[in-house]
There are 2 protein chains.
Amino acid sequence: MTGPLESALAELLERFHDGQPVALGRAISLVENERPGFQDFLHEVLRVGPRAARIGFTGPPGAGKSSLLSMVATNCRTQDEQLGVVAVDPTSSYSGGALLGDRIRMSDLATDPGIFIRSMATRGSLGGLATTTKEVLDLMDAFGFDRVLIETVGVGQTELEITAAADTVIVVLVPESGDAIQTMKAGLMEIADIFVVNKADRPGADRLVKDLRQGLHLRAATAIESAPAHHGLDLARIMRKESCEEPRGPGWSPPVLSTVAQSGEGVEDLMDTIKAHRFWLEESGELEERRRGRRKVRIQDVVDRELRRTAWRSDTVLAELDQGLERIQKRKDTPYSVAWDILDRLLR
Amino acid sequence: MTGPLESALAELLERFHDGQPVALGRAISLVENERPGFQDFLHEVLRVGPRAARIGFTGPPGAGKSSLLSMVATNCRTQDEQLGVVAVDPTSSYSGGALLGDRIRMSDLATDPGIFIRSMATRGSLGGLATTTKEVLDLMDAFGFDRVLIETVGVGQTELEITAAADTVIVVLVPESGDAIQTMKAGLMEIADIFVVNKADRPGADRLVKDLRQGLHLRAATAIESAPAHHGLDLARIMRKESCEEPRGPGWSPPVLSTVAQSGEGVEDLMDTIKAHRFWLEESGELEERRRGRRKVRIQDVVDRELRRTAWRSDTVLAELDQGLERIQKRKDTPYSVAWDILDRLLR
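No experiment lies behind these values; they were computed from the predicted model shown. (Residues numbered from 1 in each chain as written. Chains lettered and ligands numbered in written order. Predicted model: local features only at pLDDT ≥ 70, side-chain atom pairs only at ≥ 80, totals over all residues.)

### Focus: the overall build of chain A
Then, in step 1: On a plain count of helices and strands, chain A comes out with 14 helices and 7 strands.
Then, in step 2: Within chain A, buried positions represent 51% of all 348 residues. (Helix = DSSP H or I, 4+ residues; strand = E, 2+ residues; numbered from the N terminus. Buried ≥ 20, exposed ≤ 12 C-beta atoms within 10 Å, placed from the backbone.)

Now the structure itself:
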């Protein structure tokens, strides 16, 4: 944060504010690759606060998240909304060749100028995928899209952290996932604003809907604090981190919907529920609470990233690392004693 | 790293070196909860280098990783090997009630005194799950187990980082995973030492074996450097990080095996292949290379963790964070300018 943007970035910023999609694409690359000045650029962009409605889709591979997201996107487009889409799920199919018949819908999306789609590769950044992805979400938001849709696989912690950066989190499940879901539910329960049982025309769908409702009921009855006891993903923690406060504010109880994304069945209901959740977010003050929580996490992430960069770009530190490895080899040191020597230097 | 261990930890260390399982359990809790002195304890424990053969099992949920791991464990036990097992997969079923019939095998394991099983919860640690889990693996190794088996779900980046801490990585797939696998393969290709197509009695197994072999052949033909172009998981990067050098040393080409874990079919073959890989690791110098790479990553992880702890346990920094949030609210700042102010203080 050294002052005014250098001229190339200032020009990019101008075109970004002009609403040129090419400029958005460049800005995303700037951030993804952590090229010089990317944080100054983000600072300028974030002078205006968030405006877009951010909707996250998560769930196990094969749950049909892409199809459902596509249906929602198509629906939003009929309202003439401008959309940004970020796909972190490595199994999602927006970019590249549409291999299967039922994915033609998505290639339609890909050629719609009202939608900007970006697949996130897990680049080798010191910052980590979660922070970079959330910065890309901010870029999309600041660019002026009405909605930003995010798709992640609901398994890894990184992916869950990203999902928690959405205002409305939709957890998509399918009857088939059964066994795996059984335990994943524990984690996904905490993060969901809306549950969708997709492929609801298949056997076991009603059962899953019932199980989910029962699970939600149970959860409401037990204290939130017991969540970390699950040996699944500690979502409660992530949510607490994101929102500073309780996992999800009171007054919203996650509904369980059924859809068949491929035929469009149930998508109208889902749209209504998304709108209702938005209304609740705004009226209850929960939206501002979540945004504040996200800002806090961002400050911490940026500080942590910069500390790492400062450390591992120093020639002295890198030399010390190499010498330390030799000493470990000779059993004179361990990774911990070497780390402590490096820390002594950094924090001296 | 302030010098000698305080007396309670010194006593724990003694009992740990005595081989008391209770002491191992306590040591793991110490590390998981990052209680005072945990890094000093690890330093003492790691004065002796790694000895155990570490075998990682990864793959999508429902691939039968737990069943396969159980078969391998049972087989090792007939050789009277002492085993440590770490399950990071939230869908694994070693602890807690065995719900399904085919899981009785695992409850058998759970009561065998020659096996020490630990499920990792994703605690709310500043260090992050990956580092903590790798520290637990080190504890198990130092405790003196002949083998340490690790199970993760091969989706998230955290989980892949953990898997990369194994000497031998077994990627478990099933015919059903088909579509999801199609793209995950891209990432898993880079990390696998051995592929196992489990549930090989089901339709599509031969096809998957063939596809995998073809994929491996293609991969061998293309430069490793092209791996980051996949929009899947950047395993090449993780592996480079872990091994300092090439993703996997030359001279080992990952075989593709078929198993039916529930009947034990193919498990003998798998055991032979694991032994062959171990032999290759030791003879080629690759094992030492991987261990060196892991030590390097550990030093960096420990430094990064301690930098974060130093930052976010300072009252001054936390006050600055709160004030910054107020200024952002008033549009006088952004998370980036606040982060920069905090960094100025920390690195002054």
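And the narrative resumes.
### Examining the pairing of strand S6 (residues 194-197) of chain B
Residues and elements named next belong to chain B.
Then, in step 1: Residues Ile194 and Val196 of S6 are buried on one face, and the alternating residues Phe195 and Val197, pointing to the opposite face, are buried as well.
Then, in step 2: Of the pairings in the sheet, the one linking S6 to strand S7 (residues 256-258) comprises 3 bridges and is parallel in character. Paired with Val196 across the bridge in S7 is Leu257. (Pairing = 2+ DSSP bridges.)

### Focus: the sheet that holds strand S2 (residues 83-87) of chain B
All names here are of chain B.
Then, in step 1: What the 7 strands build is an open sheet, ordered S3-S2-S4-S1-S5-S6-S7; its pairing is parallel. Sheet topology places strand S3 (115-119) and S7 at the edges, where each strand pairs with a single neighbour. On average, each strand axis in the sheet is tilted by 20° relative to the strand beside it, whichever way the strands run.
Then, in step 2: In the sheet, strand S1 (residues 53-58) pairs with strand S4 (residues 147-151) via 5 bridges, with the strands oriented parallel. Bridge pairing in S4 links Arg54 to Val148.
Then, in step 3: Packing against the sheet, helix H4 (residues 65-78) makes contact with S1, S2, S3, S4, strand S5 (168-173) and S6, and its axis sits at approximately 170° to S4. (Axes fitted to C-alpha atoms, helices over the stretch in contact; angles between N-to-C directions. Contact = placed C-beta atoms within 7 Å.)

### Let's talk about the environment of B:Thr152
Residue and element names in this part refer to chain B.
Then, in step 1: Tracing the chain through its elements places Thr152 in the loop between S4 and helix H7 (157-163).
Then, in step 2: Judged by the 30 C-beta atoms lying within 10 Å of it, Thr152 is buried.
Then, in step 3: Sequence separation between Thr152 and Leu212 is 60 residues; the distance between their C-alpha atoms is 20 Å.

### Describing helix H1 (residues 7-17) of chain B
Residue and element names in this part refer to chain B.
Then, in step 1: Inspection of H1 places Leu9, Leu12 and Phe16 among the buried residues, and these make up the whole buried set. Down the axis of H1, the buried set is contained in an arc of 55°. They therefore lie on one face. Away from the buried face of H1 by more than 90 degrees, exposed residues Ser7, Glu11 and Glu14 are located.
Then, in step 2: Looking one or two residues past H1, Gly19 carries a phi angle of roughly 85°, positive in sign. (Arc of directions from axis to C-beta.)

### Digging into the pairing of strand S4 (residues 147-151) of chain A
Residue and element names in this part refer to chain A.
Then, in step 1: Taking burial as the measure, the 5 residues of S4 include 5 buried ones, the bulk of the element.
Then, in step 2: Alternating positions in S4 separate into two faces, Arg147, Leu149 and Glu151 on one and Val148 and Ile150 on the other, with burial throughout.
Then, in step 3: Pairing of strand S2 (residues 83-87) with S4, which is carried by 5 bridges, proceeds in the parallel orientation. Its bridge partner lying in S4, Leu83 is registered against Arg147.

### Remarks on the domain arrangement of chain A
All names here are of chain A.
Then, in step 1: Under the domain assignment, chain A is made up of domain 1 (1-47), domain 2 (48-286) and domain 3 (314-346).
Then, in step 2: Between domain 1 and domain 2, the residue contacts involve 13 residues of the former and 14 residues of the latter.
Then, in step 3: When contributions to the side of domain 1 that touches domain 2 are tallied by element, the ones reaching two or more residues are helix H2 (21-32) and helix H3 (38-45).
Then, in step 4: Of the residues forming the side of domain 1 that touches domain 2, the biggest block, 6 residues, is contributed by H2.
Then, in step 5: A class-by-class count of the residues in the side of domain 1 that touches domain 2 yields 9 nonpolar, 1 polar and 3 charged. (Domains from an automatic or database assignment. Nonpolar A, V, L, I, M, F, W, Y, C, P; charged D, E, K, R; others polar.)

### What about the packing of helix H1 (residues 7-17) of chain A against H2(A)?
Residue and element names in this part refer to chain A.
Then, in step 1: Remark: H1 packs on H2, axes separated minimally by 8 Å, with the N-to-C direction vectors making an angle of 130°. On the basis of the axis angle, H1 is oblique to H2. As H1 runs across H2, the sense of the crossing is left-handed. For the pair formed by H1 and H2, the contact residues are Leu12, Arg15 and Phe16 on the first element and Ala23, Leu24, Arg26 and Ala27 on the second. (Parallel < 35°, antiparallel > 145°, perpendicular 65-115°, else oblique. Left-handed = near helix turned anticlockwise from the far one by under 90°.)

### Thoughts on the packing of H2(A) against H3(A)
All names here are of chain A.
Then, in step 1: Where H2 meets H3, the closest approach of the two axes is 9 Å, and the angle between their N-to-C directions is 130°. Regarding the angle of H2 to H3, the classification is oblique. Both H2 and H3 take part in a crossing whose hand is left-handed. Here Ala27, Leu30 and Val31 of H2 come into contact with H3, specifically with Phe38, Phe41 and Leu42.
Then, in step 2: Broken down by class, the residue content of the contact of H2 with H3 amounts to 6 nonpolar, no polar and no charged.

### Considering the sheet that holds strand S1 (residues 53-58) of chain A
Pairing between sheet strands relies on hydrogen bonds along the backbone, with the strands arranged either parallel or antiparallel.
Residue and element names in this part refer to chain A.
Then, in step 1: Here we have 7 strands laid out as an open sheet, ordered S3-S2-S4-S1-S5-S6-S7, and parallel in their pairing. Two strands close off the open sheet at either side, each with one partner strand: strand S3 (115-119) and strand S7 (256-258). Strand-to-strand twist of the sheet, defined as the mean angle between neighbouring strand axes without regard to direction, takes the value 20°.
Then, in step 2: Two strands pair when backbone bridges link them, and S1 and strand S5 (residues 168-173) are joined in this way by 4 bridges, in the parallel orientation.

### A few points about the environment of B:Asp141
Then, in step 1: Following the sequence through the fold, B:Asp141 ends up in helix H6 (residues 129-143).
Then, in step 2: When the C-alpha atoms of B:Asp141 and B:Leu83 are compared, they prove to be 9.5 Å apart, with 58 residues separating the residues in sequence.

### Remarks on unusual backbone geometry
Residue and element names in this part refer to chain A.
Then, in step 1: Even without glycine at this site, Asp80 takes up a positive phi of about 65°.
Then, in step 2: Structurally, Asp80 can be placed in the loop between helix H4 (65-78) and S2.
Then, in step 3: Taking the number of C-beta atoms within 10 Å as the measure of exposure, Asp80 has 8 and is therefore exposed.

### Describing the environment of A:Leu9
All names here are of chain A.
Then, in step 1: As for its position among the elements, Leu9 is in helix H1.
Then, in step 2: The exposure class assigned to Leu9 is buried, which follows from the 21 C-beta atoms found within 10 Å.
Then, in step 3: Taking the C-alpha atoms as reference, Leu9 lies 24 Å from Arg295; in sequence the two are 286 residues apart.
Then, in step 4: The residues touching Leu9, leaving out its near neighbours within four places in the chain, are Gly37, Asp40 and Phe41.

### Here we look at H4(A)
Residue and element names in this part refer to chain A.
Then, in step 1: For H4, spanning 14 residues, the distance from its first C-alpha to its last is 20 Å, which sits close to the expected 20 Å at 1.5 Å a residue.
Then, in step 2: Of all 14 residues in H4, 10 are buried, a share of seventy percent or more.
Then, in step 3: Here H4 has its buried residues at Lys65, Ser66, Ser67, Leu68, Leu69, Ser70, Met71, Val72, Ala73 and Cys76.
Then, in step 4: After H4 finishes, the residue Asp80 shows a positive phi value of roughly 65°. (Expected span 1.5 Å × (residues − 1).)

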